[in-house]
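Now for the letters of each chain:
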Amino acid sequence: MRVFITGATGFIGAHLVPELLQAGHHVIGLCRSEEGAKKLAQAGAEPFFGDVNDLSRLRAGALSADGVIHTAFNHDFARVRQHSEEDRAVIEALGEALTGSGKPLIVTSGTGLVERRLGEDCVIETDTHAGSAKTPRAATEEAANAILAKNVHVIVMRLPQVHDTHHQGRIAHHIRLAKEKGYVAYIGDGQNRLPAVHVADAVRLFRVALEHGRPGGFYHAVAEEGVAMREIAQVIGTGLRLPVESITADAASSYFGVLAGLASLDLAASGDLTRQELGWTPTGPSLLSDLRQMEWASH
Ligand SMILES: NC(=O)c1ccc[n+]([C@@H]2O[C@H](COP(=O)([O-])OP(=O)(O)OC[C@H]3O[C@@H](n4cnc5c(N)ncnc54)[C@H](OP(=O)(O)O)[C@@H]3O)[C@@H](O)[C@H]2O)c1
């Protein structure tokens, strides 16, 4: 299959490219710099120059392929509403190019955007996203639902914290804050949880969903339903040789700043329905194992 990938030069995209190539697919990777193009060519992919917000260029990329995986996103969280609305326009443009073709389009969302039903221990695939009025990033899933209604074979991939020994997303902020404050904090009893998946397992699920996913499929790339924030704090404390302390919810904003709300949430998510439907079994290292293997000396 000829697969057009946006975000091909990002953390997940850089692992997705070899995963698809090894499975025999031809990969066309969107890039916006010479450096990105060079990396893609070295990996064996075909570079396709363009900005993800250049919608006519984007449609051309989609039209040249048999399937599309959209992972590009601007993570400048100071302007999350603007970037989320741009993502809505991107998904609508990709949908326009693929309407009625039966070609799969995977868009990337997060398990953290899903609203947990009352009494549920963790969110599941059939739970719906919060609305974008409340949670701007939900524009992605709203756009996916809109193009599904227009006969596009769209699939939503919801990611938890994706990790390897170099990247752990929001945990990098916990590490930075611990170094600034001189101790590692967690809130209350620290039993609120973060779901996780190793990047190799995540990209394998993208490939399987591309090959076998159904239109309108919502999949959770979850290997670990929830790792307690207290355990994460303890590994950070050991790595940085700093004390680990519980703080009250009231003290959270003075330690975590804008991240206080996120740091207090229990974000546990299940991937059971995804595993059953797509026969996906994660095998990679756990989040805590990758954290322990980090290059702590360079921090
Ligand atoms: N990593 C996680 O733990 C996690 C968890 C939940 C959801 N997600 C979602 O998964 C997706 C991929 O995440 P990631 O961790 O791989 O992100 P990332 O490392 O920040 O990569 C972002 C990618 O988007 C590209 N991009 C951004 N703006 C662009 C633009 N205007 N034009 C063209 N390309 C542009 C970047 O290109 P350059 O290389 O040129 O900058 C890069 O390839 C995102 O939608 C993210 O929100 C990730």
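Each remark here, short or long, concerns the structure printed above.
Quick caveat: nothing in here was measured; it's all calculated off a predicted structure. (Residues numbered from 1 in each chain as written. Predicted model: local features only at pLDDT ≥ 70, side-chain atom pairs only at ≥ 80, totals over all residues. Heavy atoms only, no water.)

**Notes on the overall build of the protein chain**
Stage number 1. Each helix and strand counted, the protein chain has twelve helices and twelve strands in total.
Stage number 2. Expressed as lengths along the three principal axes of its C-alpha atoms, the size of the protein chain is roughly 55 × 45 × 35 Å.
Stage number 3. Within the protein chain, the proportion of its 299 residues that are buried is 52%.
Stage number 4. Across the protein chain, the fraction of contacts at a sequence separation of at least 24, relative to all contacts at a separation of at least 6, is 78%.
Stage number 5. Put simply, the protein chain shows about 13,200 Å² of open surface, and 51% of that area lies on carbon and sulfur atoms. (Helix = DSSP H or I, 4+ residues; strand = E, 2+ residues; numbered from the N terminus. Buried < 20%, exposed > 50% of the residue type's maximum accessible area, 1.4 Å probe, protein only. Contact = heavy atoms within 4.5 Å. Areas by Shrake-Rupley, 256 points an atom, 1.4 Å probe, with all protein chains shown as cover.)

**Some thoughts on the pattern of salt bridges**
Stage number 1. Under the definition given, this model contains 18 salt bridges.
Stage number 2. Measuring nitrogen to oxygen at the nearest pair gives 3.3 Å for the salt bridge that ties R176 to E180. Placement of both R176 and E180 in helix α6 (residues 171-181) is noted, with a separation of four residues, approximately one turn of the helix.
Stage number 3. The exposure class of R176 is partly exposed, given its relative accessible area of 39%.
Stage number 4. In this structure E180 comes out as exposed when scored by relative accessible area, which is 54%. (Salt bridge = Lys/Arg side-chain N within 4 Å of Asp/Glu carboxyl O.)

**Observations concerning helix α4 (residues 80-98)**
An α-helical turn contains 3.6 residues, so any two residues separated by three or four positions project in the same direction.
Stage number 1. With 19 residues, α4 should cover 27 Å at 1.5 Å per step; its first-to-last C-alpha distance of 27 Å lies within 8% of that length.
Stage number 2. All buried positions along α4 are accounted for by H83, S84, D87, R88, V90, I91, A93, L94, G95, A97 and L98.
Stage number 3. If you follow the buried residues of α4, they end up packed against α3 (55-63), β4 (67-70), β5 (104-110) and α5 (139-148).
Stage number 4. Backbone geometry just after α4 places G100 at a positive phi near 75 degrees. (Expected span 1.5 Å × (residues − 1).)

**A short note on empty space enclosed by the protein**
Empty pockets left among the atoms are what a rolling probe the size of a water molecule brings to light.
Stage number 1. Scanning the entire structure with this criterion turns up one cavity of 30 Å³ or more.
Stage number 2. Looking at the largest cavity, its volume works out to about 60 Å³.
Stage number 3. Ranked by the residues each element gives to the lining of the largest cavity, the list is headed by helix α8 (residues 229-240), at four residues.
Stage number 4. Grouping the constituent residues of the lining of the largest cavity by class yields nine nonpolar, one polar and no charged. (1 Å grid on protein atoms, 1.4 Å probe; cavity = no way out; pocket = protein on both sides within 12 Å on 5 of 7 lines; lining within 4 Å. Points joined across faces, edges and corners; volume = space filled by probe spheres on them. Nonpolar A, V, L, I, M, F, W, Y, C, P; charged D, E, K, R; others polar.)

**Comments concerning the side chain of R158**
Stage number 1. By the element assignment, R158 lies in strand β6 (residues 153-159).
Stage number 2. Relative accessible area serves as the criterion here: at 1%, R158 is assigned to the buried category.
Stage number 3. Among the polar contacts made by the side chain of R158, one reaches the main-chain carbonyl oxygen of D127 at a distance of 2.9 Å. (Polar contact = N/O pair within 3.5 Å; in protein donor to acceptor, adjacent residues only side chain to side chain.)

**Examining the site of the ligand**
Stage number 1. By nearness alone, 20 residues border the ligand, and T9, R32, V52, H75 and R137 come closest of all.
Stage number 2. Separating an oxygen atom of the ligand from a backbone N or O atom of F11 is a distance of 2.9 Å.
Stage number 3. Between the ligand and F73 there is a distance of 3.3 Å, counted from an oxygen atom to a backbone nitrogen or oxygen.
Stage number 4. Burial of the ligand by the surrounding chains reaches 79%, relative to a free accessible area of 910 Å².
Stage number 5. Of all the secondary structure elements, the ones that give two or more residues to the shell around the ligand are α1 (11-22), β5 and β7 (161-163).
Stage number 6. A class-by-class count of the residues in the shell around the ligand yields eight nonpolar, nine polar and three charged. (Near = heavy atom within 4 Å.)

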